[in-house]
Amino acid sequence: MAATRLGEKLNALRKKQGLTLEKLAEAGGMSKSYLWELENKDSHRPSAEKLTALADVLGVTVAYFIEDDVREPEERHMDENFYRNYLQLDPIAKEHLRRILDTFKKEP
């Protein structure tokens, strides 16, 4: 039984964020045993829906899981995930977030 790159990435991100298999599976809407198989076996090809759910919970993009690179998520993956979450906000929440971001802009 050999872990896949997807499995390695899932395992590393899960542990880095202090999530158990059970907590990640629950947050991603899947079973603990299914998640364990994703992390530890090379026989599973998760659906786009499952990858999206895991990416959302772990704060990365689906592209991060698909790429061969096993390094930690790059900033662009986290930025893309942030933007995807931003797009799902209601207009009032978006305005609040824009105001918060404006406070971080440096004045010349």
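Higher on the page you've got the structure.
## Structural notes on the side chain of K9
Consideration 1: Looking at where K9 falls in the secondary structure, it is placed in helix α1 (residues 5-16).
Consideration 2: A distance of 2.5 Å separates the side chain of K9 from the backbone oxygen of Y64, its partner in a polar contact.

## A few points about the packing of aromatic side chains
We describe a pair of aromatic rings using the distance from one ring centre to the other and the angle between the two ring planes.
Consideration 1: What the rule picks out here adds up to two aromatic pairs.
Consideration 2: When the centroid spacing of 5.8 Å and the interplanar angle of 55° are considered together, the rings of Y64 and F65 count as tilted.
Consideration 3: Using a relative accessible area of 3% as the deciding quantity, one classes Y64 as buried.
Consideration 4: Overall, the relative accessible area of 5% leaves F65 in the buried class.
Consideration 5: Over the ring of Y34 we find K50; its NZ or CZ atom is 5.2 Å from the centre of that ring.
Consideration 6: K94 extends its terminal NZ or CZ atom over the ring of Y86, reaching a point 5.3 Å from the ring centre.

## Some points on helix α7 (residues 91-104)
Consideration 1: Here α7 is 14 residues long and its end C-alpha atoms lie 21 Å apart, about the 20 Å a rise of 1.5 Å per residue gives.
Consideration 2: The N-cap of α7, judged by a side-chain oxygen 3.0 Å from the amide nitrogen of I92 a few residues on, is D90.

## A look at a nonpolar patch on the surface
Consideration 1: On the surface, F82, I100, L101 and F104 cluster together to form a nonpolar patch covering roughly 430 Å² of accessible area.
Consideration 2: If you tally residues by element for the nonpolar patch, the top one is α7, at three residues.
Consideration 3: Checked against the element boundaries, F104 lands in helix α7.
Consideration 4: F104 sits in the exposed class, given a relative accessible area of 63%.

## Some remarks on the pattern of salt bridges
Working definition: two side chains of opposite charge can pair if their charged atoms are close together.
Consideration 1: For the structure on display, the rule yields four salt bridges.
Consideration 2: D56 is the salt-bridge partner of R84, the closest N and O atoms lying 2.5 Å from each other. With R84 in helix α6 (residues 75-87) and D56 in helix α4 (residues 48-58), the pair connects residues that are 28 residues apart, well separated along the chain.
Consideration 3: Among the ionic pairs, E95 bridges to R99, the shortest N-O distance being 3.1 Å. Taken as a pair, E95 and R99 lie in helix α7 at a separation of four residues, close to a single helical turn.
Consideration 4: Among the residues examined, R99 registers a relative accessible area of 55% and is labelled exposed.
Consideration 5: Counted as one network, the salt bridges with shared partners bring together E95, R98 and R99.

## Things to note about α6
Consideration 1: Taking 1.5 Å per residue, 13 residues should reach 18 Å; α6 reaches 18 Å between its end C-alpha atoms and fits that length.
Consideration 2: Within α6, burial applies to H77, N81 and Y86.
Consideration 3: The inward-facing, buried residues of α6 abut α4, α5 (62-66) and α7.

Conventions we followed
Residues numbered from 1 in each chain as written. Predicted model: local features only at pLDDT ≥ 70, side-chain atom pairs only at ≥ 80, totals over all residues. Heavy atoms only, no water. Helix = DSSP H or I, 4+ residues; strand = E, 2+ residues; numbered from the N terminus. Polar contact = N/O pair within 3.5 Å; in protein donor to acceptor, adjacent residues only side chain to side chain. Phe/Tyr/Trp six-rings, centres within 6.5 Å; stacked < 30°, edge-to-face > 60°. Buried < 20%, exposed > 50% of the residue type's maximum accessible area, 1.4 Å probe, protein only. Lys NZ or Arg CZ within 6 Å of the ring centre and 35° of its normal. Expected span 1.5 Å × (residues − 1). Patch = residues over 30% accessible without salt bridge, like charges linked within 9 Å, V, L, I, M, F, W, Y side chains within 5 Å. Areas by Shrake-Rupley, 256 points an atom, 1.4 Å probe, with all protein chains shown as cover. Salt bridge = Lys/Arg side-chain N within 4 Å of Asp/Glu carboxyl O. Contact = heavy atoms within 4.5 Å.

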